[in-house]
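Results of the structural survey
This is what each chain is made of:
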Amino acid sequence: MKDTGDMADTKKMKPKKRLLSNIYFIYTLVFAVTACAVFGFFLVQGKAMIWNLDGIYQHYNAFVYLGQWVRRIITVLFTQHKLIIPMWEWSIGYGADIVTTLSYYNFGDPFALISVFFPTSMGEIGYTVSILLRFYAAGLSFCAYCSYMKCQKWSAVCGSLMYVFCAYSIFAGVRHPYFMNPMIYLPLIFIGVERILNKKSPMLYILSIFISAVSNFYFFYILVILTVLYAAVRILSNKENRNWKTVGCYFISYLGYAVIGVAMAMVILLPTIMGFMGNARVNSVYEHSLFYSSTDYEKLLGSAVGVNSAMLWAYIGMGSIAYIGLGISFMRYKHNKWELLYFAFQILFLLFPLAGSIFNGFGYVTNRWVFSWSFIVAFIFAKNYPYILEMNTKERFKLCLGGIAYAAACILLESYGTKQVMVGCLLLLICLILMCNNEYLERKSIFSIPIRRFRLSQLLTLFLTFCCIFEFVYSKYSPNEGNYLSEFISQGTADGILNNESSSTWNLIDDESFYRIDSSTNDSSQHNYSLSSGQSTTTEYWSIVNADVYDFLSENSAYNKKSYFFTGLQSRAYLDVLTGCKYFVANASEKTQTSVPYGYGRRGNAVGYSSKYYLYENDYALPLGFTYDAVIKKSDYEKMSFAQRQQAMLQGAVIADDSVGDMKEAEPVYNDSKISYTLRCDDNCSYDGHTLKVTKDNAQVTLTLSGAANGEVYLQLLGMNFKSSDNTDDSDDDDESTNTRTNITAACGNAEGNAWYYTSKDKYAVGRNDFLINTGYSSGTRQTMTVTFQKSGTYTFNDLSVVLQPMDNLNSQVSVLKQETLQNVVMEDNHISGTITVSSKKLLCLSVPYSDGWSLYVDGKKTNIIKTDLMFCGVYLDSGSHTIEMRYSTPYIKVGCVISAVGVLAAVWIGIREKKKNDQMKEEAEHLFDK
């Protein structure tokens, strides 16, 4: 349909008029106004666009670090004239690869590069700017798609607002900023698909594939699925293409050009994928159902105009006016076949959990692909809106009747009859009434200025779009409604939280040697804060973590929550010593203070951002490099109990069976023991020696101990299983309220420990059934242990016992390991060096997390690295003096660079070829014109 609002010859337009008719200029103006209204809620409520969980711990933290990282490279380049790219960062938990850990968040994301221009103290401003630019760019790319598909300008602008400010974006766009990136890339990739379909240059397709692949591998995977679906629908919607030869040619073209785009991204994509394959999070044993619950399906209908999710991340809500275009498309289905088919697939994906699992890499069910729903609904509106002026009375009646039927269905489904959905339905009806009666807008005037009916209809549509979006956002952001912004930190506090919380106590440390900092499991204020301060800690909360670190913690039952969320070493003295923890930070709460492990003495205190913190120093900490004179086979280690394993690792290095060679095998001595007890249940549970039935949440069991002194006291649960009394499936959020998980807390004296159990129905399940819960160290007798079971249901155990771990042997065992250690240690970017003298053949254990990226040299000769104690690097040394050197390079990054270079050359060749082709076509056209 011709745009009736642009009848003048554009060549004769004045510059100002030409600008006002430009779709991108119009979009920029209306976006600016809408964004002020939408994000003004943050300003009014004094909130920063930083979510108080992953937002501050991960996204903002990584954003600030990226800026520091790039500025450090530039500084070294200009001051030392050396190009040194740090690839290993000690402050990522125990130490980890930078690219593979942080590429999920921002390494490769062009919008995150804004961090380079904002110093750490102004990181909050830069972070906000990056979010706003993502929202703006998503609308720009949508406008570009609509322009290519020849949509009317104003309807495209309205559609872009609907797309940018949908439920998915207003929820996830500020919660996880990089979740907006696929909304930017999807329309661009689809334009690329269309250009290839029309025999035009594939360069946009190649570049879009490249930028999406390099930005975030997770969403790139989702975009690949959506692109295949889109291309298939577009190709097969044309009858002339429905033959194997044509389909095959298009398939080869799309695949070939995509391979070039992916190849260009391999410098980051390949290391990231390989790192992900060795990630602890892929160990999930999650089992999903064939269908969602009936309540979920009922919610799905209303969620189309609602701001909340119907089921797992199904944020499909949009401003109510968007669905008018969908109604028109159904009446004009012959002109909207491919759009409706693509939309039908979106509905199909929402109906079955399997689709959510496939889009999540066959992991747990989550529907983070629903930005595609918003795209197709917004595009259908942009395409079909102009026809609302041409509808006859019968068609308008059908459209209004459809809206009434939808609203009635939402009202009848009382399980989701929320106020916001009702308001959304009301707005839908208002929009239908106004837009279906616009024949009364014939040559109206505003302030004596005559306005054409079409122009007034455009302004009305834009106004209604704005109203729908504002109501939509108000119901989510307003403190009187959804109060979503209560989950975000206050403005101006981000830098203080990261650098002046528990890390303020770290400034008391004046130590040039290698060390790690441990903290209490009960203190949740220290997740990843070390990233900006450069400290190595035992806390780690990233989506990609070293699988060897997870194995160490899992084999020793030394984590209490998710397989990628580590909060200290559970105050276990043996493990602290082994991992080089020399300092311990604890806030002023009594619960946290009682969690300080054996061997630590108080060294000072400091006031953090919100609490007072104390610093403790470990008298028994091992250095970066220490030596074993005996080893333990991994197969023998696996037969030991948890308590025996931690003792064994101080007496012999645990290595693979085939690495033992002629090294002496250790014969560990253990001094742990089980404590007899009598068990008493409260009124809300019963226990028969194998099965514990809990009838009410937070039921308690009291264990009266025969006596425990001078040691750590553990609650050991082996072969545990849990079945909730409520059959509710997994929830959308991480607030631990779902009935697919439960928490067990053991308190002994003033100290306590806890552990989370995840059933196979929970998205965080990894099949963990054995637990060792530390209730802390005490030199005195503790006579009772109180165990609290968070959720009602049935608990079964193969073993429920209390274990005492004395500290009598700790000092002597550590002294042996400290006899011959690495000296003259120098730690630089990607490099460690030192010297050591050993009296006999020994195994040098380096407290460096094992990675294929490390290469180790003894006396200048490259030597194989032996994985030691499950997660560290080790090497055999003959008697005598040696120089040790370790060098690091991100695994597969060199191969990735080569592949990227080949991809760039291929893209340049295609670009040159297309330019020559276009020049030739112009010459032929000019030749014909001359004739």
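Here the structure is shown first, and the text comes after it.
Counting from 1, residues in each chain are numbered in the order their sequence is written. For a predicted model such as this one, the threshold for reporting local features is a pLDDT of at least 70, and the threshold for listing and counting side-chain atom pairs is 80 or more; totals across whole chains, interfaces and linings nevertheless cover every residue. Each side-chain value is worked out from all heavy atoms of the structure, with water and hydrogens disregarded.

**What to know about a positive patch on the surface**
Each patch is assembled from residues with relative accessible area greater than 30% and no salt bridge, linking like charges that lie within 9 Å and nonpolar side chains (Val, Leu, Ile, Met, Phe, Trp, Tyr) that lie within 5 Å. Accessibility throughout is a Shrake-Rupley quantity obtained with a 1.4 Å probe, and a residue counts as covered only by protein chains that appear here. Criterion for a salt bridge: a side-chain nitrogen of Lys or Arg within 4 Å of a carboxyl oxygen of Asp or Glu. Note on charges: Lys and Arg go in the positive column, Asp and Glu in the negative column, and His and the chain ends are not counted at all. Here the site of a charge means NZ on Lys, CZ on Arg, CG on Asp, or CD on Glu. Together, K239, R242, K334 and K337 line one region of the surface with positive charge. Every helix listed is a DSSP run of H or I at least four residues long, and every strand listed is a run of E at least two residues long, numbered separately from the N terminus. Secondary-structure assignment places K334 in the loop between helix 13 (322-331) and helix 14 (337-351). Overall, the relative accessible area of 61% leaves K334 in the exposed class. Burial classes follow relative accessibility: with a 1.4 Å probe on protein chains only, a residue under 20% of its type's maximum area counts as buried, one over 50% as exposed, and anything between as partly exposed.

**Overview of the packing of aromatic side chains**
Aromatic contacts are taken between Phe, Tyr and Trp rings whose centres are within 6.5 Å, Trp giving its six-membered ring; a plane angle under 30 degrees counts as stacked, one over 60 as edge-to-face, and the others as tilted. Throughout the structure, instances matching the rule amount to 86 aromatic pairs. Between W69 and F107 the ring centres are 4.8 Å apart and the planes differ by 55°, which places this aromatic pair in the tilted class. Here F107 lies in the loop between helix 4 (98-102) and helix 5 (123-148) and W69 lies in helix 3 (residues 54-79), a separation of 38 residues in the sequence. Taken as a pair, W69 and F107 share a single burial class, namely buried. Taking NZ or CZ as reference, R234 lies 4.7 Å from the ring centre of W338, over its face. Looking at R645, its charged tip hangs above the ring of Y637, at a distance of 5.1 Å from the centre. In this scheme, the term charge over a ring applies when either NZ of a lysine or CZ of an arginine sits within 6 Å of the ring centre and within 35 degrees of the ring normal.

**Thoughts on the side chain of T890**
With respect to the helices and strands, T890 occurs in the loop between strand 36 (880-888) and helix 29 (893-930). Definition of a polar contact: a pair of N or O atoms within 3.5 Å, with one able to donate and the other able to accept a hydrogen when the atoms are protein atoms, and with sequence-neighbouring residues admitted only if both atoms are side-chain atoms. In this structure the side chain of T890 is engaged in a polar contact, spanning 2.7 Å, whose partner is the side chain of D97. When residues no more than four places from it in sequence are discounted, the contact partners of T890 are M87, D97, V99, T100 and P271. Throughout, a contact is declared for two residues whenever any of their heavy atoms are within 4.5 Å.

**What to know about helix 28 (residues 810-817)**
Buried residues of helix 28: L810, Q813, V814 and L817, and no others. One side of helix 28 carries all its buried residues, which in axial view fall inside an arc of 95°. Against helix 24 (573-578), strand 13 (625-628) and helix 27 (642-648) lie the buried residues of helix 28. The arc in question is the one spanned by the directions pointing from the helix axis to the C-beta atoms.

**Comments concerning the pattern of salt bridges**
Side-chain pairing between opposite charges can occur once the charged atoms of the two side chains come close. Applying the stated criterion across every chain, the model contains 20 salt bridges. Between R234 and E194 there is a salt bridge, with its nearest N and O atoms 2.5 Å apart. Taken together, the residues R234 in helix 10 (residues 217-236) and E194 in helix 8 (residues 181-197) connect sequence positions 40 residues apart. Each of the two residues, R234 as well as E194, counts as buried. For D511, the salt bridge goes to K582, with nearest N and O atoms at 2.7 Å. Here the residue D511 occupies a position in the loop between helix 21 (503-506) and strand 7 (516-519), and K582 occupies one in strand 10 (residues 581-587), the gap between them amounting to 71 residues. For the pair formed by D511 and K582, the shared burial category is buried. One salt-bridge network, held together by shared partners, links R603, E617 and D619.

**Description of the nonpolar core**
Think of a nonpolar core as a cluster: buried Ala, Val, Leu, Ile, Met, Phe, Trp, Tyr and Cys residues, connected wherever their side-chain atoms sit within 4.5 Å. F165, Y168, V174, I324, Y477 and L810 are the most contacted members of the largest nonpolar core, which totals 244 residues. Those residues in contact with L810 that sit more than four places away from it in its chain are A573, Y574, V577, Y598, Y620 and L650. Counting 29 residues, the second-largest nonpolar core is a separate cluster that includes L692, A699, L705 and A708.

**As for the sheet that holds strand 35 (residues 872-877)**
By definition, two strands form a pair when at least two bridges between them are found by DSSP. Across the sheet, which stays open at both edges, the four strands sit in the order 13-31-35-34 with antiparallel pairing between neighbours. A strand with exactly one partner marks an edge of an open sheet, and here the two such strands are strand 13 and strand 34 (866-868). Neighbour-to-neighbour, the strand axes of this sheet turn through a mean angle of 40°, independent of strand direction. Bridge analysis of strand 34 against strand 35 gives three bridges, and the strand direction is antiparallel. Bridging across to strand 35, T868 finds its partner in F872. Here the axes come from fitting lines to C-alpha atoms, over the contacting stretch only for helices, and the angles between their N-to-C directions go from 0 to 180 degrees.

**What to know about the sheet that holds strand 36**
One open sheet accounts for five strands, arranged 29-30-36-32-33; its pairing is antiparallel. Because the sheet does not close on itself, it has two edges, and the strands there are strand 29 (823-828) and strand 33 (861-863). Along the sheet, successive strands turn relative to each other by an average axial angle of 25°, direction set aside. With four bridges joining them, strand 29 and strand 30 (residues 831-838) adopt antiparallel strand pairing. Each residue of the ladder has a partner; that of Q823, found in strand 30, is T835.

**Let's talk about the pairing of strand 23 (residues 741-748)**
Across the eight residues of strand 23, seven count as buried, placing the element largely inside the fold. From the end of strand 23 to the start of strand 24 (residues 751-758), which pair antiparallel, there are two residues, and G749 there has a positive phi angle of about 70°. Note: strand 23 against strand 26 (residues 784-789), four bridges, orientation antiparallel. Bridged to T745 within strand 26 is T788.

**A few points about a nonpolar patch on the surface**
On the surface, a nonpolar cluster with roughly 490 Å² of combined accessible area is contributed by I74, L77, F78, L83 and I85. Its relative accessible area of 36% is what places L77 among the partly exposed residues.

**Some points on the environment of A588**
Looking at the secondary structure, you find A588 in the loop between strand 10 and helix 25 (590-593). With a relative accessible area of 41%, A588 lands in the partly exposed category. In sequence terms A588 and G652 are 64 residues apart; their C-alpha atoms lie 37 Å from each other. When neighbours within four sequence positions are excluded, A588 is seen to be in contact with Q593, S611, K612 and Y614.

**Looking at the packing of helix 8 against helix 16 (residues 371-384)**
Between helix 8 and helix 16, the shortest axis-to-axis distance is 10 Å and the interhelical angle comes to 55°. With respect to their mutual orientation, helix 8 and helix 16 come out oblique. The handedness of the crossing between helix 8 and helix 16 comes out as right-handed. From helix 8, P182, M183, L186, P187 and F190 reach across to helix 16, where they touch F371, S372 and F375. Broken down by class, the residue content of the contact of helix 8 with helix 16 amounts to seven nonpolar, one polar and no charged. Comment on the angle field: the value is read as roughly parallel under 35 degrees, roughly antiparallel over 145, roughly perpendicular from 65 to 115, and oblique elsewhere. By the definition used in this description, the sense in which the near helix is turned from the far one sets the handedness, with an anticlockwise turn below a right angle giving left-handed and a clockwise turn giving right-handed. Residue polarity is assigned by list, with Asp, Glu, Lys and Arg as charged and Ala, Val, Leu, Ile, Met, Phe, Trp, Tyr, Cys and Pro as nonpolar; anything else, Gly included, falls into the polar class.

**Regarding the packing of helix 5 against helix 6 (residues 153-164)**
Direction vectors running N to C along helix 5 and helix 6 enclose 140°, while the axes themselves pass 9 Å from each other. With respect to helix 6, the axis of helix 5 lies oblique. By crossing handedness, the relation of helix 5 to helix 6 is classed as right-handed. Residues F135, A138, G139, F142, C143 and C146 of helix 5 touch helix 6, and the partners they reach there are A156, G159, S160, Y163 and V164. In terms of residue class, the contact of helix 5 with helix 6 is made up of eight nonpolar, three polar and no charged.

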